[in-house]
Amino acid sequence: MANAEIIVVGAGVSGIGAAIRLRQEGYQDILVLERAPEVGGTWRENTYPGCACDVPSSLYSYSFAPNPRWSRVFAEQREIHDYLRTMVRRHGIGPSLRHGVEVREARWDDGERRWHLETNDGPYSAPVLVLATGPWRRPRRPEVPGLTDFDGPVVHTARWDSSVRLTGRRIAVIGGGASAVQLVPAIQGQAAEMHVFQRTAHWLLPKPDHGLPGRLRAPGAQRVLRAAQYRVQEGLGYAFRHPRLVRPVEAAARAHLRRAVRDPGLRRALTPDYRLGCKRLLTSSTYYPALSRPHVRLHPTALAEVDGNRLIGADGSEAEADVIVLATGFHIGELPLARSVHGTHGRTLQESWDGDDGPQAYLGTSVSGFPNLFLLLGPNVLTGSTSTLTVVEGQLAHLTAALAHLRTADKAALDVRPAVQARFNAAVQDALSTTVYNSGGCSSYYLGPSGRNTFCWPWSTGHLLHHLNHFDPNAYTWTAPGPTPVRPVNEEEITA
């Protein structure tokens, strides 16, 4: 059995950040388990043409490591992946990495106060478990009759196959969201014909992307840019929390559409019928012109059926294709290991989340009944305007404060109190009710099957970081070391 003080599952943006921060805090006995042969997470797996970040580059880096190599305002996939690999080398994370290790099960042992993991590489064990698997892991494939019998290649953007020939072929793109907005302009020039099946129109703003001159790549300039762009993103987030304020942004998006698309029928098909921000806001200056090309046709409908090489939309429209590209996103609302992580009494995370309420956590990080388990990018900590790295760094501050309390108080385990978690989530849901995420009149991945929002944070990023950076030991029960479980320590007994 491989033992460690802390095990991190996943070596993407969150897992790499966790390993770096933990080492900075003096924790050396760390293992990072990654099922893939190299690091990178979503930036390793998403290699489709046009793949890039829709958050400005200066915000999409760790605050302690501005990247002087960004070539553009919005970094492309390759650059981000290179940045993450550089972080691993620079901070000496390599010896902690275990590639090709897939976690099959994790169980908390009350007696030993440890997590025991079963993997394809044998057993692992640690007192502290950090799940950094992220919400962009399992691609969503639509269940369309006949799709599996399609005559040609079917490729998902998240599992791109560069060996599939596109030049001179009829290409059907299914989806009109973030990946489609990047992919369509990148490959339409190769296609003899292109058909885009769009179930729902998205709000789209122009993307101010251009090369970064050398003077703006220096660390100091990057910090200034980061601060300025953070304020812009927060301003947008404020509007999302006060829906009437999104109207000027909607006007800008409509003006962008009018300038880029002259055909009135196409403009109508591309005009959303819900409030901006209800779904993920997209940015592109090339998507509308690509859809206006004579060999590209937009089908404003869901794909209903595939018959041989014939695609049939829900509105009866048809297209013939040689290649189908699924730009249909991910199963955002699920944690990949939820069915395999067993807490106290053997209950899984998924079982604790079953029901109308769906996934819940305290500050998106701790789940009652799962001692010494920390989620990164868990439920209700993201928005349509916040950089994930900003959130991750806040959660890591919370994690390291929790571990410091374990050490100074000489305790073996902490577990968020059920009442604290319940009050927190009730406040989150109450605050979300008036935001554009909930009241904007659309169906989005922000909302679970019951209509409950399990994705978004309803307040400012500053408010989130304040809570994450001010660790409250009274929110947890604390367990002393010992061969058998002992009663939780009362608030009055907690050593702050």
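The shown structure was predicted, so the numbers you read here are calculated from the model rather than taken from an experiment.

**Focus: the pairing of strand S3 (residues 30–34)**
Regular strands place side chains that alternate from one sheet face to the opposite one.
1) Next: Of all the 5 residues making up S3, 5 are buried; the element is thus mostly covered by neighbouring parts of the structure.
2) Next: The alternating pattern of S3 places Ile-30, Val-32 and Glu-34 on one face and Leu-31 and Leu-33 on the opposite face, and all of these are buried.
3) Next: Taken together, the 4 bridges between strand S2 (residues 6–9) and S3 define a ladder with parallel strand orientation. Within S3, the residue paired with Val-9 across the bridge is Leu-33.

**Some points on the confidence of the model for the protein**
1) Next: Summary statistics for the protein give a mean pLDDT of 94 and a share of 97% for residues scoring 70 or more.
2) Next: Every residue in residues 484–496 is under pLDDT 50, and counting partners more than four places away or in other chains gives 28 contacts.

**A few points about empty space enclosed by the protein**
1) Next: Going through the model one piece at a time under the given rule, you end up with 9 cavities of 30 Å³ or more.
2) Next: Quantified by volume, the largest cavity comes out at close to 220 Å³.
3) Next: Its residues assigned to classes, the lining of the largest cavity comprises 12 nonpolar, 4 polar and 1 charged.

**Structural notes on the nonpolar core**
1) Next: Core analysis: the largest hydrophobic core is formed by 116 residues, its most contacted members being Val-8, Tyr-62, Val-173, Met-194 and Leu-403.
2) Next: If sequence neighbours within four positions are ignored, Val-173 has contacts with Ala-180, Leu-183, Val-184, Met-194, His-195, Val-196, Phe-197, Val-325 and Ala-327.
3) Next: In this structure, Val-101, Ala-106, Ala-338 and Phe-370 belong to the second largest nonpolar core, which totals 27 residues.

**A word on the environment of Asp-109**
1) Next: Among the secondary structure elements, Asp-109 is positioned in strand S5 (residues 103–109).
2) Next: In this structure Asp-109 comes out as partly exposed when scored by relative accessible area, which is 25%.
3) Next: Along the primary structure Asp-109 and Trp-70 are separated by 39 residues, whereas in three dimensions their C-alpha atoms are 45 Å apart.
4) Next: With sequence-adjacent residues up to four places away left out, Asp-109 is seen in contact with Arg-114 and His-116.

**With respect to the sheet that holds strand S1 (residues 2–3)**
1) Next: Overall, mixed pairing links the 5 strands, which are arranged S1-S7-S6-S5-S19 in an open sheet. Taken across any chain shown, the strands that pair with only one partner, and hence form the sheet edges, are S1 and strand S19 (341–342).
2) Next: Note that S5 and S19 share 2 bridges and pair parallel. Paired with Ala-106 across the bridge in S19 is Val-341.

**So, the sheet that holds strand S17 (residues 318–320)**
In any sheet, the strands associate via hydrogen bonds between backbone groups, in a parallel or an antiparallel arrangement.
1) Next: In space, the 3 strands of this open sheet follow the order S15-S16-S17, with antiparallel pairing throughout. Of all strands in the sheet, those bounded by a partner on one side alone are strand S15 (303–307) and S17. On average, each strand axis in the sheet is tilted by 20 degrees relative to the strand beside it, whichever way the strands run.
2) Next: Both S15 and strand S16 (residues 310–313) contribute to a ladder of 4 bridges, which runs antiparallel. Paired with Val-306 across the bridge in S16 is Leu-311.

**Quick word on the side chain of Thr-344**
1) Next: Considering the arrangement of structural elements, one finds Thr-344 in the loop between S19 and helix H9 (349–353).
2) Next: By relative accessible area, which is 18% here, Thr-344 ends up buried.

**Observations regarding the pairing of S16**
1) Next: Adjacent in sequence and paired antiparallel, S15 and S16 are bridged by 2 residues, among which Gly-308 carries a positive phi angle near 70 degrees.
2) Next: By the bridge criterion, 3 bridges tie S16 to S17 in an arrangement that is antiparallel. From the neighbouring strand, Ile-312 faces S17, where its bridge partner is Glu-318.

**Quick look at helix H3 (residues 77–90)**
1) Next: An ideal rise of 1.5 Å per residue puts 20 Å on 14 residues; H3 measures up with 20 Å between its terminal C-alpha atoms.
2) Next: Turning to H3, its buried residues are Gln-77, Glu-79, Ile-80, His-81, Tyr-83, Leu-84, Thr-86, Met-87 and Val-88.
3) Next: Those residues of H3 that are buried are in contact with helix H1 (13–24), helix H2 (42–45) and strand S4 (97–99).
4) Next: One or two residues past the end of H3 sits Gly-92, with phi positive at roughly 65 degrees.

**Regarding H1**
1) Next: A rise of 1.5 Å per residue sets the reference length of H1, with its 12 residues, at 16 Å; its end C-alpha atoms lie 17 Å apart and thus fit the reference within 8%.
2) Next: Among the 12 residues that make up H1, 9 are buried, leaving the element largely enclosed by the rest of the structure.
3) Next: Of the residues making up H1, those classed as buried are Val-13, Ser-14, Gly-15, Ile-16, Gly-17, Ala-18, Ala-19, Ile-20 and Leu-22.
4) Next: Those residues of H1 hidden inside the fold are in contact with S2, S3, H2, H3 and helix H10 (388–408).
5) Next: Positive phi shows up at Gly-26, right after H1, with a value of about 100 degrees.

**Remarks on the state of the cysteines**
Formally, a disulfide is one covalent bond, and it connects the sulfur atom of one cysteine to the sulfur atom of another.
1) Next: The final tally for this structure, using the stated rule, is 1 disulfide.
2) Next: Between the sulfur atoms of Cys-278 and its disulfide partner Cys-442 the distance amounts to 2.0 Å. In this structure, the disulfide formed by Cys-278 and Cys-442 twists by about -100 degrees around the S-S bond and is classed as left-handed. Separated by 164 residues along the polypeptide, Cys-278 in the loop between helix H7 (264–269) and strand S13 (282–283) and Cys-442 in the loop between helix H12 (436–439) and helix H13 (461–469) bring together distant segments of the chain. Like Cys-442, Cys-278 is buried.
3) Next: Its sulfur unpaired, Cys-51 is 9.0 Å from the next cysteine sulfur, which belongs to Cys-53.
4) Next: Since its relative accessible area comes to 8%, Cys-51 is described here as buried.

The rules behind these values
- Residues numbered from 1 in each chain as written.
- Predicted model: local features only at pLDDT ≥ 70, side-chain atom pairs only at ≥ 80, totals over all residues.
- Heavy atoms only, no water.
- Buried < 20%, exposed > 50% of the residue type's maximum accessible area, 1.4 Å probe, protein only.
- Helix = DSSP H or I, 4+ residues; strand = E, 2+ residues; numbered from the N terminus.
- Pairing = 2+ DSSP bridges.
- pLDDT = per-residue confidence, 0-100.
- Contact = heavy atoms within 4.5 Å.
- 1 Å grid on protein atoms, 1.4 Å probe; cavity = no way out; pocket = protein on both sides within 12 Å on 5 of 7 lines; lining within 4 Å.
- Points joined across faces, edges and corners; volume = space filled by probe spheres on them.
- Nonpolar A, V, L, I, M, F, W, Y, C, P; charged D, E, K, R; others polar.
- Core = buried A, V, L, I, M, F, W, Y, C linked by side-chain atoms within 4.5 Å.
- Axes fitted to C-alpha atoms, helices over the stretch in contact; angles between N-to-C directions.
- Expected span 1.5 Å × (residues − 1).
- Disulfide = S-S within 2.5 Å.

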